[in-house]
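Read off the chains here:
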Amino acid sequence: GSYMPAEVKPKILLLGLRRSGKSSIQKVVFHKMSPNETLFLESTNKITKDDISSSSFIQFQVWDFPGQIDFFDPTFDADNIFGGQCEALIFIIDAQDDYMESLEKLHSTVSRAYKVNPNIHFEVFIHKVDGLSDDQKIETQREIHQRANDELSESGTDSIHLSFYLTSIYDHSIFEAFSKVVQKLIPQLPTMENLLNIFISNSNIEKAFLFDVVSKIYVATDSSPVDMASYELCCDFIDVIIDISYIYGMKEDAETSAFDNQSSSIIRLNSSTILYLREVNKYLAMVCLLREENFARQGLIDYNFICFRDALQEVFGIRARASMMRERNQNSL
Ligand code: GDP
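Criteria and cut-off values
Residues numbered from 1 in each chain as written. Predicted model: local features only at pLDDT ≥ 70, side-chain atom pairs only at ≥ 80, totals over all residues. Heavy atoms only, no water. Helix = DSSP H or I, 4+ residues; strand = E, 2+ residues; numbered from the N terminus. Expected span 1.5 Å × (residues − 1). Buried < 20%, exposed > 50% of the residue type's maximum accessible area, 1.4 Å probe, protein only. Salt bridge = Lys/Arg side-chain N within 4 Å of Asp/Glu carboxyl O. Axes fitted to C-alpha atoms, helices over the stretch in contact; angles between N-to-C directions. Parallel < 35°, antiparallel > 145°, perpendicular 65-115°, else oblique. Contact = heavy atoms within 4.5 Å. Nonpolar A, V, L, I, M, F, W, Y, C, P; charged D, E, K, R; others polar. Left-handed = near helix turned anticlockwise from the far one by under 90°.

Participant: Help me out: how do you make sense of helix H5 (residues 173-184) in this one?
Facilitator: One turn of the α-helix equals 3.6 residues, which is why residues spaced by three or four share an orientation. With 12 residues, H5 should cover 16 Å at 1.5 Å per step; its first-to-last C-alpha distance of 17 Å lies within 8% of that length. Burial runs high along H5: 10 of the 12 residues are buried. Taken as a whole, H5 has its buried residues at Ser-173, Ile-174, Phe-175, Glu-176, Ala-177, Phe-178, Ser-179, Val-181, Val-182 and Gln-183.

Participant: Can you help me understand the pattern of salt bridges in this one?
Facilitator: Any two side chains of opposite charge can pair, so long as their charged atoms come close to each other. A full pass over the atoms with the stated rule returns 14 salt bridges. Between Asp-134 and Lys-137 there is a salt bridge whose closest N-O contact spans 3.8 Å. Here the residue Asp-134 and the residue Lys-137 both occupy positions in helix H4 (residues 134-154), the gap between them amounting to 3 residues, near one helical turn. In this structure Lys-137 comes out as partly exposed when scored by relative accessible area, which is 23%. Of the charged contacts in the structure, one is a salt bridge between Glu-143 and Arg-147, with a shortest N-O distance of 2.9 Å. Of this pair, Glu-143 and Arg-147 both sit in helix H4, 4 residues apart, which is roughly one turn of that helix.

Participant: When you look at the packing of helix H1 (residues 22-31) against H5 in this model, what are you seeing that I'm missing?
Facilitator: Each pair of packed helices can be described by the angle between their axes along with the distance between the axes. At their nearest, the axes of H1 and H5 sit 11 Å apart, and the two run at 85° to each other. One way to sum up the angle between H1 and H5 is to call them roughly perpendicular. Contacts from Ile-25, Val-28, Val-29 and Phe-30 of H1 reach H5 at Ile-174, Phe-175 and Phe-178. By residue class, the composition of the contact of H1 with H5 is 7 nonpolar, no polar and no charged.

Participant: Hey, could you run me through the packing of helix H3 (residues 100-116) against H4 in this one?
Facilitator: The contact between H3 and H4 brings their axes to 10 Å, and the two run at 40°. Taken together, the axes of H3 and H4 are oblique relative to one another. For the crossing formed where H3 meets H4, the hand is right-handed. From H3, Met-100, Leu-103, Leu-106 and His-107 reach across to H4, where they touch Glu-143, Ile-144, Arg-147, Ala-148, Glu-151 and Leu-152.

Participant: Explanation requested: the environment of Glu-42 in the structure shown.
Facilitator: Positionally, Glu-42 belongs in the loop between H1 and strand S2 (59-62). Sequence-wise, Glu-42 and Met-286 are 244 residues apart; in three dimensions their C-alpha atoms are separated by 36 Å.

Don't take any of this as a statement about function, it's just geometry.
Structure follows, in structure tokens:
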């Protein structure tokens, strides 16, 4: 089955000044828009919610901050926005623009959100870095990091922790950054990593990623280091599979995705490497990189994969039951 109850899905809020790149990120990561098309996106003037939860492992909302929204306005419902529903807040800073106003907004946003909900993970995307040289990237990150943290300590809120990422929609950095953000929100991550470690060592596999298929965010991988080239290869592989499934694999009722629990795919690269994809559930797929000679025992790999999938289902099932019990107990108090 593809059991993945709503309460185990990470919830993320995307904020930043107008034109910082929020809609572009949303469209590129979750709606397969090509980066060049974002040049023609209309700027939004209101808070927009993008509910991708029916198709993704991740629950994700984008909140555009038009100039007129003021956090200190008593009608602004901070409790609702930053409350328990929000697990991570991503703040976008346009690195190609003068970022002083952005830094001010970052500070006021983070301070306000922290008061309402100190459990939020605060993530800062230093965005549009495709226009910067490597030296400029380092310098910009250093300066933004320094200024943001100085402001926090001046206002006595240095218990707030900010994480920084350099991102661009023109390469894989935006997917990589999102992956890191999402992974922090999955309490089962160490268990998933462990299961992946067991799976790859029993199957003679070099590397395995667990992907949210729609967004190409990887929600977990084994504990060997992630090499960007492998990650990009796997992303491209998923794109190919999705395209081919949509063209040739569509069911009669167009409502259901062409990607289903029968999905699997193999690509042999001329570097004698094999890319192997297996569907895990409605949202997740495993993509493995392995040497061709080790694929001779595909039966073993498939068997190990089924064991992995069952174990994962168990992990999420138990967590969901536990939180249902908690809720029930709270309600009866
Ligand atoms: P929003 O108002 O925050 O939603 O910003 P938009 O998504 O509308 O983006 C504003 C502009 O920034 C658009 O013209 C995008 O093409 C551009 N943009 C977004 N992300 C990037 C990026 O990573 N690099 C570059 N060079 N431009 C970007």
